[in-house]
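Letter by letter, the chains look like this.
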Amino acid sequence: MSESTGPKIYHLPNLMTAGNLFCGFAATLKILEGALIQAGATPGMEEAAAAAAAEKFHIAIWCILASCIFDALDGRLARLGGHESPFGREFDSLADVVSFGVAPALMVYRIVLHEFPNVGWVIASVYLICGALRLARFNCLAAEDSASANKEFRGFPIPAAAGVIASITLCLLWFGEKGREIGHGKWVLPPLMLFLAWMMFSGFKYPSFKAINWRTTRSMPKFLAIVVILIFTVLNYQWMPAVIFIAYLLYGFFRPFLSRKMKEEIEDEVEDDEPLESP
């Protein structure tokens with residue numbers, strides 16, 4: 001009797017995707033906990049409640065950024081082992097809806113959009129719907145031409161959009177009074193969310209950087225520059241992630257005007273010609 005065959009589930013890449021989903025769910029829970037703390041604040045305890053809620057939002061932001069890392073790892077591990085599969089692509093998209101769609105939309109709604117009950121939920125919903133539609137479009141394009149879809153993204157990718165929102169919120173909290181209040185900077189978030197929703201369906205093309213893998217080589221100056229940027233980011237974690245994500249966002253606007261050689265240098269499209277050694 002022949003055994004029924006199902007989709008292939010490769011453990012390590014899908015564990016990374018599960019980590020992405022876990023972090024997205026954790027971020028959602030922390031945002032809800034922060035909202036409950038704010039709603040339950042008693043007279044005279046507003047400052048303590050604001051500090052406790054801000055701590056929950058900080059955790060949520062780091063969970064969203066951690067989801068970005070897991071999302072970057074799952075695809076690279078799959079390609080490294082030659083284990084890309086339709087199951088992994090669909091699982092990744094489902095996780096992305098939670099981590100990069102629901103969590104950022106809920107966070108911005110709780111921080112500022114709830115002050116406009118008739119409009120706020122619409123803005124958050126538009127971002128979430130556009131993110132889900134973008135993921136569906138990517139899956140369709142990947143099914144038609146996987147190589148082309150892996151080389152570059154059409155429209156701003158939703159993990160990067162969530163990274164922009166989370167990192168800017170982290171930066172605004174850092175600029176705020178003792179990290180407790182975002183202040184007037186919070187009014188940047190609603191138009192930013194609508195702009196990112198449009199960018200996800202725009203015609204701008206972004207590099208996927210999927211040509212970078214464990215075999216990618218670097219010249220010594222470029223390697224040292226990467227190390228310096230990483231160290232500088234760790235030392236200035238409050239605002240450097242925002243700089244990195246915004247730089248990637250702006251790159252899509254300048255990319256059409258760059259020469260092919262410059263694009264290849266930045267995006268590492270030229271892969272090593274050395275054949276892999278047999279084990």
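Predicted, not measured: the structure shown is a model, and the values here were computed from it.

Engineer: With reference to specific residues and values, describe the overall build of the protein.
Structural biologist: Helix and strand counts for the protein come out as ten helices and two strands. Walking the protein from its N terminus toward its C terminus, one meets helices and strands in the order α-α-α-α-α-β-α-α-β-α-α-α. Residues counted as buried form 41% of the 279 residues belonging to the protein. Partitioning the contacts of the protein with sequence separation of at least 6, the portion at a separation of at least 24 is 80%.

Engineer: Any details on the pattern of salt bridges? Residues and values, ideally.
Structural biologist: Evaluation of the coordinates by the stated rule reveals three salt bridges. For K186, the salt bridge is made with E115, and the minimal N-O distance between the two is 2.7 Å. With K186 in the loop between α6 (158-175) and α7 (189-200) and E115 in the loop between α3 (86-111) and α4 (120-144), this pair connects stretches of sequence that are 71 residues apart. When its relative accessible area of 36% is taken as the criterion, E115 is described as partly exposed. What you see here is one network of salt bridges that share partners, running through K30, E33 and K56.

Reading the values: the criteria
Residues numbered from 1 in each chain as written. Predicted model: local features only at pLDDT ≥ 70, side-chain atom pairs only at ≥ 80, totals over all residues. Heavy atoms only, no water. Helix = DSSP H or I, 4+ residues; strand = E, 2+ residues; numbered from the N terminus. Buried < 20%, exposed > 50% of the residue type's maximum accessible area, 1.4 Å probe, protein only. Contact = heavy atoms within 4.5 Å. Salt bridge = Lys/Arg side-chain N within 4 Å of Asp/Glu carboxyl O.

All quantities given are derived from atomic positions and should not be read as evidence of function.
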